[in-house]
Every structure is written in structure tokens, then in C-alpha cells.
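Chain residues, written in single-letter form:
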Amino acid sequence: MVGRLLRIVIGALLPLALASCVLAPGKFVSKMTINADRSFTFSYVGEVIAIDIGDEFGKGMGGAFSNDAPSSESSEPGSDDGDKVEPKPALWKIVAQDSQTTDEKTDDRADEKAKAAAKKAAAETRNKAIAEALSKEAGYRKVTYRGDGKFDIDYQISGTLTHSFVYPYNVDAEAVFPFIIVEVRANNTVRLKAPAFANESSGKNMGMDVPGADQASSKLDGVFTLDTNAEIVSQNNEDGPTTIGARKTMVWKATPLSKTAPMAVLRFAK
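Residues numbered from 1 in each chain as written. Predicted model: local features only at pLDDT ≥ 70, side-chain atom pairs only at ≥ 80, totals over all residues. Heavy atoms only, no water.

1. Observations regarding the overall build of the chain
- A tally of regular secondary structure across the chain gives five helices and 14 strands.
- Across the chain, every contact between residues at least 6 apart in sequence was considered, and the portion connecting residues at least 24 apart equals 64%.
- Only carbon and sulfur atoms are counted for the fraction: they give 54% of the accessible area of the chain, which is about 16,000 Å². (Helix = DSSP H or I, 4+ residues; strand = E, 2+ residues; numbered from the N terminus. Contact = heavy atoms within 4.5 Å. Areas by Shrake-Rupley, 256 points an atom, 1.4 Å probe, with all protein chains shown as cover.)

Structure, rendered in C-alpha cells:
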């Protein structure tokens, strides 16, 4: 049963491991304006952080396939049921450790450092390519890669909500986990949710366990504002909307302690 469950988990997470990275918000200011006539403007200004989920996937699996874990069936014959038998190191491990020379250990450490340096260089090359891919997309007024997985982003786009809207989504950059989702519904309403602007469900994004989500949410520091003159059907802002004339605004603070992602359902005039 456990083995079957493990295979299911691996199968579900494997596509994530094949993606190059997940983009996550850092320090930012973001605003979504949705009007009753379906026109909208979305902006995001601030940090975006690239998380290598292939690496995080490996860490998350840990020792899932280790054969060294003690088994409840490994008790020595004749031992009492209540006595605990201390697990012993495998014989091949003892031999390998004893036979390894100082020079071999030094070589191993050098190999590890070389692999780490090569991996970091590959990540930097990939992140520069991500910056180039994003800069070609409509709406990006500035994309600067600062190094160490951090980008400075200035994005703004306007349009009409005749169809749903997702940000970010870029095939070339392999940015697949959105900060914000605007779903246009058939009953003349629109549902907005910003799953990346909260540490919701202990690292779940869009209902999925995302490797690296905890690492990404630890850097979350932003403000998200929804401005509208449409009818508000429902929303989850604790303070509720502030009304100025015909317009209503709601402001959410995004921090590592934020557990509920901003959400609202609005009704269009037509």
C-alpha cells in the first residue's frame, strides 16, 4: 500500500521536476483594476524570485528510496518483543569508509565543489534566458536580472475580460504557476484569486504541493490592491471594501504569515 502511494506521489510530482523553475513574488506592489464594462488593468512592480524546483524535488524525496532504514522485521531471533535492536551500519559501508584514502576524500570534496559551481553557473545562464524571454512579452516595461535568482519586474497590461487572465504565464520562460488568476464565468461574473500572494495550505499552490513553495513564501513581502466599480458578489478581505464615489477598493498585505490568498467575485454590468 505504501509503495503504491509512493509511486502515485512520484508520478504526480515528476512533471514539476522537469520544469526549470517556479517564479515567486518577493517584495512587490501589485494592483488589479476591474471595471463593470469588463475593461481591466493589472500591474506588478517589484521582485520576482526563481526557485529551482528540480533541486527542491530531490530534497523533498530525501531518502524515499533508501534501503538502509531499519525494518520492524529485522529483529534478531530470540530477542524480546519489547527490546529495541540498534540498526548496524551495512558492512560494505564500513569497508568503503575504512578503505578510502585521504587523497580520495580530498578528490571527492573537489568534485562536489566543481558540481556545485557548474550547477550555479547553469542556473545563472537559465535565469538570464528567463529575463530575456519575459522582456519580449507584452506588458513588461522592465525586466532586470540581479543575480542569485532575483529579478526586478515592472509589468502592466490592460485589456477586456472577454476571456480569463493569468499572470505570469510564459512558455519560453517555463513560468507555469500564476501569481494571479482571473476566471471569467458564464453568469456574467468574474472570480479573482491570487494564490501566490499568501502562504496558503502549507505550501500548496492551485491545490498542488509545489516543491520550494515554503522557500518562496519566506521572502513574500507585498501589497495587492483590487479596485472596481463592478458589483462585489463576495470577497475575503477582513476589512472589507473602502468606497470612494462609485469605486470600491480592497487592500491585502502579503507576508510569510498570510494564510489566505486574496479572492473576490465581481458581477459585470453586462
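2. Notes on the layout of surface pockets
- Considering only enclosed or pocket space, the second largest pocket measures out at about 250 Å³ in volume.
- Along the walls of the second largest pocket sit Phe197, Asn236, Asn237, Glu238, Asp239, Val251, Trp252, Lys253, Ser258, Lys259, Thr260 and Pro262, which together make up its complete lining.
- Tallied by class, residues from the lining of the second largest pocket come to four nonpolar, four polar and four charged. (1 Å grid on protein atoms, 1.4 Å probe; cavity = no way out; pocket = protein on both sides within 12 Å on 5 of 7 lines; lining within 4 Å. Points joined across faces, edges and corners; volume = space filled by probe spheres on them. Nonpolar A, V, L, I, M, F, W, Y, C, P; charged D, E, K, R; others polar.)

3. Brief notes about the sheet that holds strand β5 (residues 165-167)
- On the basis of which strands lie adjacent, the open sheet formed by five strands has the order β5-β6-β7-β14-β11 and antiparallel pairing. The two strands at the open ends of the sheet, each matched to only one other strand, are β5 and β11 (231-235). Across the sheet, the mean angle from the axis of one strand to that of its neighbour is 15 degrees, orientation sign disregarded.
- For strand β7 (residues 189-193) and strand β14 (residues 263-267), the ladder comprises five bridges, and the chain directions are antiparallel. Bridge assignment links Arg191 to a residue of β14, and that residue is Val265. (Pairing = 2+ DSSP bridges. Axes fitted to C-alpha atoms, helices over the stretch in contact; angles between N-to-C directions.)

4. Quick look at the pairing of strand β13 (residues 247-254)
- Only one face of β13 is buried, namely the one carrying Lys248, Met250, Trp252 and Ala254, since none of Arg247, Thr249, Val251 and Lys253 on the opposite face is buried.
- Of the pairings in the sheet, the one linking strand β10 (residues 221-228) to β13 comprises seven bridges and is antiparallel in character. Counterpart to Gly222 in the pairing with β13 is Ala254.
- Strand direction decides the pairing type here: strand β12 (residues 242-244) and β13, joined by three bridges, are antiparallel. Counted as the bridge partner of Thr242 is Thr249 from β13.
- Between β12 and β13, which follow one another and run antiparallel, lie two residues, and Gly245 among them has a positive phi close to 65 degrees. (Buried < 20%, exposed > 50% of the residue type's maximum accessible area, 1.4 Å probe, protein only.)

Any functional reading would require information beyond the geometric quantities listed.
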